[in-house]
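Each chain, letter by letter, is given below.
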Amino acid sequence: MEADRQGPEGDPAEPLVELLAGHLRPLRLLEAADEADRHTLRDTLTTSKPLRDRLLGVLGVSTALGDHLARHPHDWHVLVTFELRDMHPGPEDFRRALAEGVRDDALGPANALRVAYRRCLLAIAARDLTGTTDLAQTAAELADLAGATLQTALDLAAEQDPEAAAACRLAVIGMGKCGGRELNYVSDVDVVFVAEPREGVDEPEAIRAATRLAAALTRLCADTTGEGTIWPVDANLRPEGRNGPLVRTLASHLAYYQRWAKTWEFQALLKARPVAGDAELGAAYVEALAPMVWQAAARENFVADVQQMRRRVVDSIPATELDRQLKLGPGGLRDVEFSVQLLQLVHGRTDPALRSGNTLEALAALSRGGYVGRADAASLDAAYRFLRSLEHRIQLYRLRRTHLMPTADEDLRRLARSLAALINDDTRADPVAALQREWKRHAMEVRRLHEKLFYRPLLDAVAELPQGATGLSPDAARARLEALGYADPAAALRHLSALASGVSRKAAIQRTLLPVLLGWFAESADPDAGLLNFRQVSDALGRTPWYLRLLRDESAAAEQLARVLSAGRLAPDLLLRAPEAVAMLGDPRGLEPRGRAALQSEVLAAVGRAGSTHAAVAAARSVRRRELFRTAAADVLGRLGEDPAEALDTAGEALTALNAATLGGALRACVAGWEAEHGDLPTRISVIAMGRFGGHELGYGSDADVLFVHEPLLGSLEEEAARAAQAVCHELRTQLGAPSTEPPLLVDADLRPEGRSGPLVRTLASYAAYYRRWSHAWESQALLRAEPVAGDEELGARFRQLIDPLRYPGGGVPERDLVEIRRIKARIEAERLPRGADPTTHTKIGRGGLADVEWTVQLLQLRHGHELPALRTTRTRAALAAAERAGLVGSEDAEVLDAAWVLASRVRAAVMLVRGRPGDSFPGEARELAGVARYLGYGSGHSGELLDDYRRITRRARVVVDRLFYGSG
């Protein structure tokens, strides 16, 4: 052997020894080669760096291919044959190479096929490991080699059984990664066999013959004798699996899939591709089954079945392997594949561009079509390529089928070195740590995107659309719109055309969303308004990159937006003034009510950044508009509480906190504006909430009933302080109620002493003097709901101390005051009801309505508040509950009054949400009444039932009011 290390004239081949220093496998190859080939190999390695790189690359990564070269040293020549970088061998190239190989009589056909297969595999690995091909091309070449191997094995089987070959036509259909042209180095090759009799042969005989050929093909590939297995041929994806016949006719396949196939079987057929045998029959098989594949998503529970199947796969992984699984585990290759396949099957019904059996090609098509965001698709693509490359390197080492990360440091270092180009971190210092960080990073990203795409509700909605409903052609759409209940199909079609026409990515995403949205709009009382509102929001936000991505990707945002836009006018009107608020629907906590402290902080910060009083109040109003939308949207979607009364209380608290924060910000802005012009304000001001505002029971259309109180600073002239306070409070009311793109907040101060005739703002001493001398019974009653909400807190607390003896008088209310209160209530009922209003359905002063319940409760507070601290609350329901606990009201009466008050309040809220303007009576227009009924939980066509229930509940409440308030009965 020493002589073989000399040059042609006996000179030592020092350069070659240096080049191969530390590489024992190449030296082993030199030793195994015959004398002539050894000289050729030695010379080529010395002079050809490309060959040397390929050889060292293969032998450094794969002991199995090194062993093959040691057994068949002449096969190194294939590394030269495949030298050109632009050469991409295809199925025919591999078939020729295999056909030439099986002619080696010394080995016998079966072993010769295995040797020829590994020779081709050696060439693919060399190109892969030196970067001549990327992952996608390598996987495609492996699949093409598998197809050529199946064809060569079938040809050998036909030679061995010519009688069988003459009796049938047999096609081999590649499935799984072989069918998708994305095969691993070591993998079972999934196939399905389909056969037809040749002319003059009956079907049973042809099937028996085809079965012999298929069985022989399987043995040739899987035999473990001699040169060992190529790979197992797995036909278990055939109809009935391993319990079904190995070979069927095309008609038999069709009959099975039409009648018996399960969801997963159609998912498997997505990758079906003829790879060997009768090409015409294979093409007919794929063509016949394709329509069934692309309509599988219409099957009942299709999406849920696919999702459940993925969960079962994860659950079946042994606990000891879960963290090492590259393929089946969470964040593994199967997560990418299942996500892509599910999206393909759901959307591929109407988009032929998605119908690829290759994962990366399909992912790219999904991104181009707008079904997956560009960034998400890029992340999945990169992760899939890394994980597949990692899987390839692991399998190449010993050519064994495995999907588990090794645990030995030596194995991990070898992997890190071979994948250094794909690892973001520097692998030189600690290659094992760098490899593991890169793997975990990709796995976490895959899992995140898998859960985002695979489990998003829009998939279920699209899959459940009726056959043909995913198209938006005018003829089909008009009939569908009419059937869904759209009152103006022509206008709806115009909206659809404006939203979905064109070839832009925006239009493509809209075409995916609209068929589902149309159905959701149709579940409302006014689908036409829902579609119109959606178009307006989309026109405003269509160029904003996150908007359509949010609707497509994020949880149930699309459905929530559809419900909000079609539930009435208030929420859409608020949204259209600032469409970016749609983002709230994509945040799991985006519609949660915010506390007063958080709102006050935000409003004051916005006010502080403004440059003028007008801009500062506008900023406060802008925050209020956004928060009004948050509360209205949460209310429409049922997110404020499971119980209607709880939801009503939550909405009242949210609206009260919002108005209090807005008033506080506006007061700060107006004070700052006054001081910028006149110097320091000579007084302190406090804002006292009254009525439903003070009771934390505001509705969407409620005014802010308030009292203004001030107290001059020490050393200030009272007259000067009064003028300053008057100017500030007047400016506050003007700025909050001024016409603007923001909804106004009307500040009503008519409950102040002397009403509109009295001064807008008084000192605390002036209030004390007035209440001591002039106060009427109704003013004591009104003060029951007084609560400081903005301005100087200490002054507000002192105002509360001032009025407590008035609203909770010691010894109760004198009889003359009770008579006066009852007289005023009767007069209001007789004179204040609007002309033409139905007293049985007017929510405020009608029979058993809000005024009836509130005055009854307030009377109890006036009479017993001094002795029962629990009654000293501004909230109606809390006071009623306290009266019940104290025995002042029977449990049944309290329940009747509470039910009537809650229902009347919810009707008022519904009227505002549906009509976009306040009202105390049920709407007269049918669609608006239907919208109110929907909000209150009544189904389509049950508006009359709502009116009957309202009359019945309030009638019972009036009976209790007559007894408790008027003392009758």
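Higher on the page you've got the structure.
In this text the structure is predicted, and so the values were computed from the model without any measurement.

Here is what the cut-offs are and how they apply
- Every chain is numbered independently, its residues counted from 1 as its sequence is written.
- Note on the predicted model: pLDDT of at least 70 is required for a residue's local features to be given, and 80 or more for side-chain atom pairs to be given and counted; whole-chain, interface and lining totals, by contrast, use all residues.
- No hydrogens and no water enter the side-chain calculation; it runs on all heavy atoms of the structure.
- Strands are runs of DSSP state E lasting at least 2 residues, helices are runs of H or I lasting at least 4, and numbering of each runs from the N terminus.
- Between the two quantities, the radius of gyration covers C-alpha atoms and the globule rule is 2.2 Å times the number of residues to the power 0.38.
- Each residue gets one of three labels from its accessible area relative to the maximum for its type: buried under 20%, exposed over 50%, partly exposed in between, using a 1.4 Å probe on protein chains only.
- Two residues form a contact once any of their heavy atoms are found within 4.5 Å.
- Surface exposure here means Shrake-Rupley accessible area, sampled with a 1.4 Å probe, where a residue is shielded only by the protein chains that are shown.
- For the purpose of counting charges, residues Lys and Arg are taken to be positive, whereas Asp and Glu are taken to be negative. His and the chain ends are not included.
- Charged groups are reduced to one reference atom each: NZ for lysine, CZ for arginine, CG for aspartic acid, CD for glutamic acid.
- By convention a nonpolar core is built from buried Ala, Val, Leu, Ile, Met, Phe, Trp, Tyr and Cys residues, the set being connected through side-chain atoms within 4.5 Å.
- Here a cavity means grid points, on a 1 Å grid over the protein atoms only, where a 1.4 Å probe fits yet cannot get out; a pocket means an open set of points with protein on both sides within 12 Å along at least five of seven lines; lining residues are those with an atom within 4 Å of a point.
- Grid points are joined across faces, edges and corners, and a volume is the space filled by probe spheres set on the points.
- Nonpolar residues are Ala, Val, Leu, Ile, Met, Phe, Trp, Tyr, Cys and Pro. Charged residues are Asp, Glu, Lys and Arg, and all others, Gly as well, are polar.
- Each Phe, Tyr or Trp ring (for Trp, its six-membered ring) is paired with any other whose centre lies within 6.5 Å, and the angle between the two planes then decides the class: stacked below 30 degrees, edge-to-face above 60, tilted in between.
- Two limits define a charge over a ring: the Lys NZ or Arg CZ must be within 6 Å of the ring centre, and within 35 degrees of the ring normal.
- A carboxyl oxygen of Asp or Glu within 4 Å of a side-chain nitrogen of Lys or Arg is what we treat as a salt bridge.

### What about the overall build of the protein chain?
Then comes step 1: Looking only at helices and strands, the protein chain has 43 helices and 10 strands in total.
Then comes step 2: In terms of overall dimensions, the protein chain is more spread out than a globule: its C-alpha atoms have a radius of gyration of 40 Å, far above the 30 Å expected for 969 residues.
Then comes step 3: A principal-axis box enclosing the C-alpha atoms of the protein chain has dimensions of 130 × 70 × 50 Å.
Then comes step 4: For the protein chain, the proportion of its 969 residues judged to be buried stands at 55%.
Then comes step 5: Considering only residue pairs separated by 6 or more positions, the protein chain has 72% of its internal contacts joining residues 24 or more positions apart.
Then comes step 6: Only carbon and sulfur atoms are counted for the fraction: they give 50% of the accessible area of the protein chain, which is about 41,100 Å².
Then comes step 7: One finds the centroid of the 122 positive side-chain charges in the protein chain at a distance of 4 Å from the centroid of its 132 negative side-chain charges.

### Concerning the nonpolar core
Then comes step 1: Core analysis: the biggest nonpolar cluster contains 94 residues, and Phe534, Leu663 and Phe708 have the highest contact counts within it.
Then comes step 2: For this core, the element with the most residues is helix α32 (residues 644–678), which contributes 14 residues.
Then comes step 3: With near-sequence residues (within four places) excluded, Phe534 lies in contact with Leu499, Gln510, Leu514, Leu517, Phe521, Tyr547, Leu551, Leu561 and Leu565.
Then comes step 4: Counting residues in each nonpolar core, the second largest holds 72 residues, with Leu30, Ala64, Phe193 and Leu213 among its members.

### Focus: the layout of surface pockets
Then comes step 1: By volume, the second largest pocket is sized at about 850 Å³.
Then comes step 2: Elements supplying a minimum of two residues to the lining of the second largest pocket: α11 (176–179), α14 (263–269), α16 (302–315) and α17 (333–347).
Then comes step 3: Considering each element in turn, the lining of the second largest pocket owes the most residues, four residues, to α17.
Then comes step 4: Residue composition of the lining of the second largest pocket, by class: seven nonpolar, seven polar and nine charged.

### Some details on the packing of aromatic side chains
Then comes step 1: With the rule as written, the count across this model stands at 11 aromatic pairs.
Then comes step 2: A ring pair is formed by Tyr257 and Phe266, whose centres lie 6.1 Å apart and whose planes are at 55 degrees; its orientation type is tilted.
Then comes step 3: With 5.2 Å between their ring centres and 85 degrees between their planes, Tyr767 and Phe799 make a pair best called edge-to-face. Here the residue Tyr767 occupies a position in helix α35 (residues 764–773), and Phe799 occupies one in helix α37 (residues 793–807), the gap between them amounting to 32 residues. For the pair shown, Tyr767 and Phe799 are each scored as buried.
Then comes step 4: Put simply, the rings of Tyr767, Tyr770, Tyr771 and Phe799 touch in pairs and so form one group of aromatic residues.
Then comes step 5: In this arrangement the basic side chain of Arg414 is found over the ring face of Tyr397, its NZ or CZ atom lying 3.5 Å from the centre.

### Thoughts on the pattern of salt bridges
Then comes step 1: Per the stated rule, a full pass over the model turns up 63 salt bridges.
Then comes step 2: Arg625 is the partner of Glu742 in a salt bridge, and the nearest nitrogen-oxygen pair spans 3.0 Å. With Glu742 in the loop between α34 (718–737) and β8 (747–748) and Arg625 in helix α31 (residues 613–636), this residue pair connects regions lying 117 residues apart in the sequence. Note on accessibility: Glu742 and Arg625 belong to one class, buried.
Then comes step 3: Asp949 is paired through a salt bridge with Arg952; the nearest N and O atoms lie 3.3 Å apart. In this pair, Asp949 and Arg952 are both assigned in helix α43 (residues 943–964), three residues apart and thus about one turn of the helix distant.
Then comes step 4: Judged by relative accessible area, Asp949 falls into the buried class, the value being 17%.
Then comes step 5: Among the ionic contacts, a cluster of salt bridges with common partners joins Arg594, Glu602, Arg626, Glu627 and Arg630.

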